[in-house]
Amino acid sequence: MAMHRHDKTTGKSAAATAINRRQATAVLLASAAAPFTVAAQDAAAPASSAASATTTAATTLWPADDWAESTPEAQGMDSAALARLVDFGAAQGMDSLLVTRHGSLVAEAFYAPYREGLKHAVNSTTKGVVATLTGMAIQDGLIASRDAPVLDFFEGRKVANADASKKAMTLGHLLDMTSGLNWIEPLSDAVPETMLQLGRARDWQGFVLDRPMAQAPGAGFNYNSGNTHLLSAIVAQKTGGSTLAYAQKRLFGPLGITDVRWKKDPQGIEVGGWGLYLHPRDMARIGYLYLRRGQWNGRQLLPAAWVEQVFNPVVDMGFGSAAPAFKYANGWWSIPSKRAYFTAGFNRQLIVVLPDLDVVVAVTGRRHYPLPLFIDHITAAVRSREPLPANAAAQDQLAARIRDAGVEKPSATPITTPELAATISRKAWLLERNGMGIQRLLLDLTPANPRYEVTFDSSRPDLPREPVTGPLGLDGKYRTAPQGPNAVIAIKGHWLDAQSFQLISRSVADGEVTVVTLKFEDGGKAVNVGLENNWGFRGQVRGRAAE
């Protein structure tokens, strides 16, 4: 029940006249211009920086088919503190949390209804992956260097606004978000106007290349998903035509990552700014590659100097309470004061590397929360470089918290069902034209087998052609149903009062939560539908009962 869809031509809901950044981001995260491409099966005191790099080949663990597992105490971590971290994840809307130390998995939680075995959208963590592939292509001699002029890769194109400043733009500027291109995609709640325009363009590469320059390359940080899309196009061009194929050869394959999904632009290029789906354990593999300075089981897959640029960033991102609180390099964020380095995707899809502590953490989720606070929760669990005494009670506490995270907690449900339930049950509701493209909604509230059915606008290529249907939980718990490869939809509903019924929909692998509130009027002959989700969409639309 893809309740998050927007009108791609306007990005607005039926009743809205303006949108914020979260709403606009939802437009592009929800659907790229072409469908999914499938790969593989599915298409303490802190140590010094130098000390953290001294783990020898003899003692370094390398994930093979899977990660080695360990108790936290055996790796110098406190199980009770990790239990508090799992609780933090539950309170902050995480879908998954994975912690490794010294190459061993010490904690892993999946928050219901998300579950192990599902790839998760990593959103702008995709940028860090594309940047990594760029570094590999430089190492392979396919790209000269970070200093290569961007326009040299597009000599066959007629590029607008190709002044001296644009001609000076290099791959390094794309990697560090300092391209100077005129681009509005702020890391705030303001509308990302240019990102929306990119999503509507027929030629994404041309759209980015044609942007006028707002400042000289290197003059300052300006977040721009177009930068990394150009990088994806360049990687594809220089490696045989497919960013994904190169990733399978040079990154995913060597790291043992076999099951990914990646969206494409209208020309068939993997989206450089978002669109990648990974398993949490595979996210951690990418972090571990950086923790080990680009080395993997005896092979230098990524230049060590590339990783050092990430660990010693110079570009101030221009926000935070203690400037420069955040810095950027090679597609990675950092909090220098905490020696924390991470890829960051919308709604907290994170690969976190703490080199001083020999820790990698992978997170997927559904909402934003303060990153410094999260880092503090991780570091609080690190107590020693050496093993700690076994602590069975604390380990049991951690295991209980992890089990508890995987068990859905039912929401409150009314004691009685209003008489109106029988009137609206099995009745089809025809909705006015709306930004989510929902044309028809049917609820079957029969206690024995409650279900829903949603029909979408058939003229919208980004929406399902066939009605979407599945079970509906009326007992405070979600009911789940597959809606295509790796797509699991979870739905539950309850009465708010005698006239209002609320549906809560989870697109589990996307981290999307949508709330649909139906207020029935005129004895059940009409309905006013309120729509909102955790990607910022808000809207109202009216409907009537089908004859």
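Here, the structure is the one placed above.
Notes on the structure follow. (Residues numbered from 1 in each chain as written. Predicted model: local features only at pLDDT ≥ 70, side-chain atom pairs only at ≥ 80, totals over all residues. Heavy atoms only, no water.)

Structural notes on the environment of Val359
Structurally, Val359 can be placed in strand β15 (residues 359-365). With 257 residues separating them in the primary sequence, Val359 and His102 have C-alpha atoms 6.8 Å apart. If we skip the residues at most four places from it in the chain, Val359 touches Thr100, Arg101, Leu291, Val352, Val353, Leu354, Ile378 and Val382. (Helix = DSSP H or I, 4+ residues; strand = E, 2+ residues; numbered from the N terminus. Contact = heavy atoms within 4.5 Å.)

A few points about the side chain of Arg250
Mapped onto the elements of the fold, Arg250 is located in helix α10 (residues 243-255). Side-chain polar atoms of Arg250 contact the side chain of Asp140, separated by 2.7 Å. Once residues lying within four places of it in the same chain are set aside, the contact partners of Arg250 are Met136, Gln139, Asp140 and Leu301. (Polar contact = N/O pair within 3.5 Å; in protein donor to acceptor, adjacent residues only side chain to side chain.)

Points about the packing of helix α3 (residues 79-91) against helix α14 (residues 392-405)
Two elements in contact, α3 and α14, have axes whose closest approach is 8 Å; the angle formed by their N-to-C orientations is 15°. Classified by the angle their axes make, α3 and α14 are roughly parallel. In this structure, the crossing between α3 and α14 has a hand that is left-handed. Along its contact with α3, which presents Ser79, Ala80, Leu82, Ala83, Val86 and Asp87, the element α14 presents Ala394, Gln395, Gln397, Leu398, Arg401, Ile402 and Ala405. Split by residue class, the contact of α3 with α14 holds eight nonpolar, three polar and two charged. (Axes fitted to C-alpha atoms, helices over the stretch in contact; angles between N-to-C directions. Parallel < 35°, antiparallel > 145°, perpendicular 65-115°, else oblique. Left-handed = near helix turned anticlockwise from the far one by under 90°. Nonpolar A, V, L, I, M, F, W, Y, C, P; charged D, E, K, R; others polar.)

Brief notes about the sheet that holds strand β16 (residues 427-431)
Ordered in space as β19-β18-β17-β16-β25-β24-β23-β22-β21-β20, the ten strands form an open sheet in which the pairing is antiparallel. Unpaired on one side and paired on the other, β19 (468-471) and β20 (479-482) mark the two borders of the sheet. Strand-to-strand, the axes of this sheet are offset by a mean angle of 25°, without reference to chain direction. Inspection of the sheet shows strand β23 (residues 512-521) paired to strand β24 (residues 526-533) by eight bridges, in the antiparallel sense. Each bridged residue has a counterpart across the sheet, and for Phe520 the counterpart in β24 is Val527. (Pairing = 2+ DSSP bridges.)

Points about the sheet that holds strand β11 (residues 327-329)
Strand order in the open sheet made by the nine strands is β2-β4-β3-β15-β14-β13-β12-β11-β10, with mixed pairing throughout. The sheet is open, and its two edges are formed by β2 (68-69) and β10 (315-316), each paired on a single side. Direction of pairing for strand β13 (residues 340-345) relative to strand β14 (residues 349-354): antiparallel, over a ladder of five bridges. If you follow Ala344 over to β14, its bridge partner there is Leu350. In the packing of helix α13 (residues 371-380) onto the sheet, contacts are made with β3 (94-101), β12 (332-335), β13, β14 and β15, and the angle to β14 comes to roughly 50°.

Focus on the packing of aromatic side chains
Aromatic rings considered in pairs are described by the distance between their centres and by the relative angle of their planes. This model, assessed by the stated rule, comprises 20 aromatic pairs. With 5.8 Å between their ring centres and 45° between their planes, Trp204 and Trp274 make a pair best called tilted. Taken together, the residues span a long stretch of sequence, with Trp204 in helix α8 (residues 204-209) and Trp274 in the loop between β6 (261-264) and β7 (276-278) at a distance of 70 residues. The residues Trp204 and Trp274 share a single accessibility class, namely buried. Here Phe319 and Phe326 contribute two aromatic rings whose centre-to-centre distance is 4.8 Å and whose plane-to-plane angle is 25°, an arrangement assigned as stacked. Phe319 gets classed as partly exposed once you look at its relative accessible area, which sits at 29%. (Phe/Tyr/Trp six-rings, centres within 6.5 Å; stacked < 30°, edge-to-face > 60°. Buried < 20%, exposed > 50% of the residue type's maximum accessible area, 1.4 Å probe, protein only.)

Some details on helix α4 (residues 125-139)
Helical periodicity: at 3.6 residues per turn, an α-helix aligns residues three or four positions apart in one direction. Under the 1.5 Å per step criterion, the end-to-end length of α4 is 22 Å for 15 residues, consistent within 8% with the ideal 21 Å. Burial of α4 is extensive: 14 of the 15 residues sit out of reach of the surface. Of the residues one or two after α4, Gly141 is the one with positive phi, at around 80°. (Expected span 1.5 Å × (residues − 1).)

Quick word on helix α9 (residues 225-239)
Spanning 15 residues, α9 covers 21 Å between terminal C-alpha atoms, matching the ideal 21 Å at 1.5 Å per step. Counting buried positions along α9 yields twelve of 15 residues, so the element is predominantly enclosed. Of all the residues in α9, the buried ones are Ser225, Gly226, Asn227, Thr228, His229, Leu230, Leu231, Ser232, Ala233, Ile234, Val235 and Ala236. On its buried face, α9 is in contact with α4, α6 (171-175), α7 (193-200), α8 and α10. Where α9 terminates, the next one or two residues include Gly240, which has phi positive at roughly 115°.

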